[in-house]
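Residues per chain, in single letters:
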Amino acid sequence: MKSSKPEVLNGIPIPYNASMANLRDMVAISSPEAWSAIRALAHRPEPQALALLVELSHSSDWRFRRSAVEAIGIHQFGQSASEVVSHLLCDPVAFVIRSAVEAAENLGLKVTHDPILRLVDAPEANTRITALHALESLWQPNDFEKVIEHYLNDPSETVRKQAA
């Protein structure tokens, strides 16, 4: 599982040493501090941290859903939230979908293979690229037909390169 522990996120110090109560307060409103607090939660091994990330993944604000699934993707127990990651692969916001694909890839969630394979046909080139990249680690032999189709025919040169 890929994970880095930066000290700062978008110019805001990440509060790794904050209490769970403080982190919960920090994510109560959309702000740069909220995104830093979510990153801190990603590195907290206690069940309450993952539970709060799961809670945030159901937010009506897509930015919280995106940040939460990204954090779940690097949480040491993120695999236990595989249903949340799978659900967010169908989010109405492409940014959230791409973060869910990256989380699934990072966590090695084989159960997400089929929905990710379907995303290779997404309307947005960036989503197709992200899905193709994830298939590198979630690959199944039946993927070849779909990937070669995009290598040969995708309108985006970048997608064709990723398919290669």
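Residues numbered from 1 in each chain as written. Predicted model: local features only at pLDDT ≥ 70, side-chain atom pairs only at ≥ 80, totals over all residues. Heavy atoms only, no water.

A. Molecular detail of the overall build of the chain. Summing up its helical and strand segments, the chain has 10 helices and two strands in all. Sequence-ordered secondary structure for the chain, helices as α and strands as β, is β-β-α-α-α-α-α-α-α-α-α-α. Taken over C-alpha atoms, the radius of gyration comes to 16 Å for the chain, in line with the 15 Å a tight globule of 164 residues would show. Excluding contacts between residues fewer than 6 apart, the proportion of contacts in the chain whose partners are at least 24 apart in sequence is 60%. Accessible surface for the chain amounts to roughly 8500 Å². Of this, 54% is attributable to carbon and sulfur atoms. (Helix = DSSP H or I, 4+ residues; strand = E, 2+ residues; numbered from the N terminus. Rg over C-alpha atoms; globule rule 2.2 N^0.38 Å. Contact = heavy atoms within 4.5 Å. Areas by Shrake-Rupley, 256 points an atom, 1.4 Å probe, with all protein chains shown as cover.)

B. Broad picture of helix α4 (residues 62–72). Within α4 the residues assigned to the buried category are F64, R65, S67, A68, V69, A71 and I72. Each element contacted by the buried residues of α4 is listed here: α2 (32–42), α3 (47–56), α5 (82–88) and α6 (94–107). Between the side-chain oxygen of the N-cap and the backbone nitrogen of R63 there are 2.8 Å, and the N-cap of α4 in question is D61. (Buried < 20%, exposed > 50% of the residue type's maximum accessible area, 1.4 Å probe, protein only. Polar contact = N/O pair within 3.5 Å; in protein donor to acceptor, adjacent residues only side chain to side chain.)

C. Structural detail: the side chain of R128. For R128, the position within the fold is in helix α8 (residues 125–138). We classify R128 as buried; its relative accessible area is 8%. Ignoring anything within four residues of it in the chain, the contact list for R128 reads L119, V120, D121, A122, P123, H150, D154, P155, S156 and V159.

D. Local environment of the nonpolar core. Grouped together as the largest cluster of nonpolar side chains are 50 residues, with contacts concentrated most on V27, I38, L41, I72, V85 and I116. With sequence-adjacent residues up to four places away left out, I116 is seen in contact with L89, V101, A104, A131, A134, L135 and L138. (Core = buried A, V, L, I, M, F, W, Y, C linked by side-chain atoms within 4.5 Å.)

E. Representation of the environment of H133 within the structure. Within the secondary structure, H133 is located in helix α8. In sequence terms H133 and Q48 are 85 residues apart; their C-alpha atoms lie 31 Å from each other. Setting aside chain neighbours within four positions, we find H133 in contact with E105 and Q162. A polar contact of 3.1 Å, which involves the side chain of H133, links it to the side chain of E105.

F. Structural view of the packing of α6 against α8. Two numbers describe how α6 lies on α8: the axes approach to 9 Å, and their chain directions differ by 10 degrees. Between α6 and α8, the crossing angle belongs to the class labelled roughly parallel. Only N126, T127, T130, A131, H133, A134 and S137 of α8 make contact with α6, whose side of the interface consists of A94, I97, R98, V101, E102 and E105. (Axes fitted to C-alpha atoms, helices over the stretch in contact; angles between N-to-C directions. Parallel < 35°, antiparallel > 145°, perpendicular 65-115°, else oblique.)

G. Molecular detail of the pattern of salt bridges. Within the structure shown, the criterion is met by eight salt bridges. Close ionic contact of E70 with R66 constitutes a salt bridge, the shortest N to O distance being 2.9 Å. Highlighted residues: E70 and R66, both in helix α4, separated by four residues, approximately one helical turn. R66 sits in the partly exposed class, given a relative accessible area of 24%. (Salt bridge = Lys/Arg side-chain N within 4 Å of Asp/Glu carboxyl O.)

H. How the structure looks around the packing of aromatic side chains. Counted according to the given criterion, the structure contains two aromatic pairs. The interplanar angle of 20 degrees and the centroid separation of 5.3 Å between the aromatic rings of W62 and F95 together place this pair among those described as stacked. Within this pair, whereas W62 is found in helix α4, its partner F95 is found in helix α6, the two being separated by 33 residues in sequence. (Phe/Tyr/Trp six-rings, centres within 6.5 Å; stacked < 30°, edge-to-face > 60°.)

I. Focus on the side chain of T112. Note on placement: T112 falls in the loop between α6 and α7 (113–119). Residue T112 is classed as buried on the basis of its relative accessible area, which comes to 0%. At 2.6 Å, the side chain of T112 and the backbone oxygen of L109 are in polar contact.

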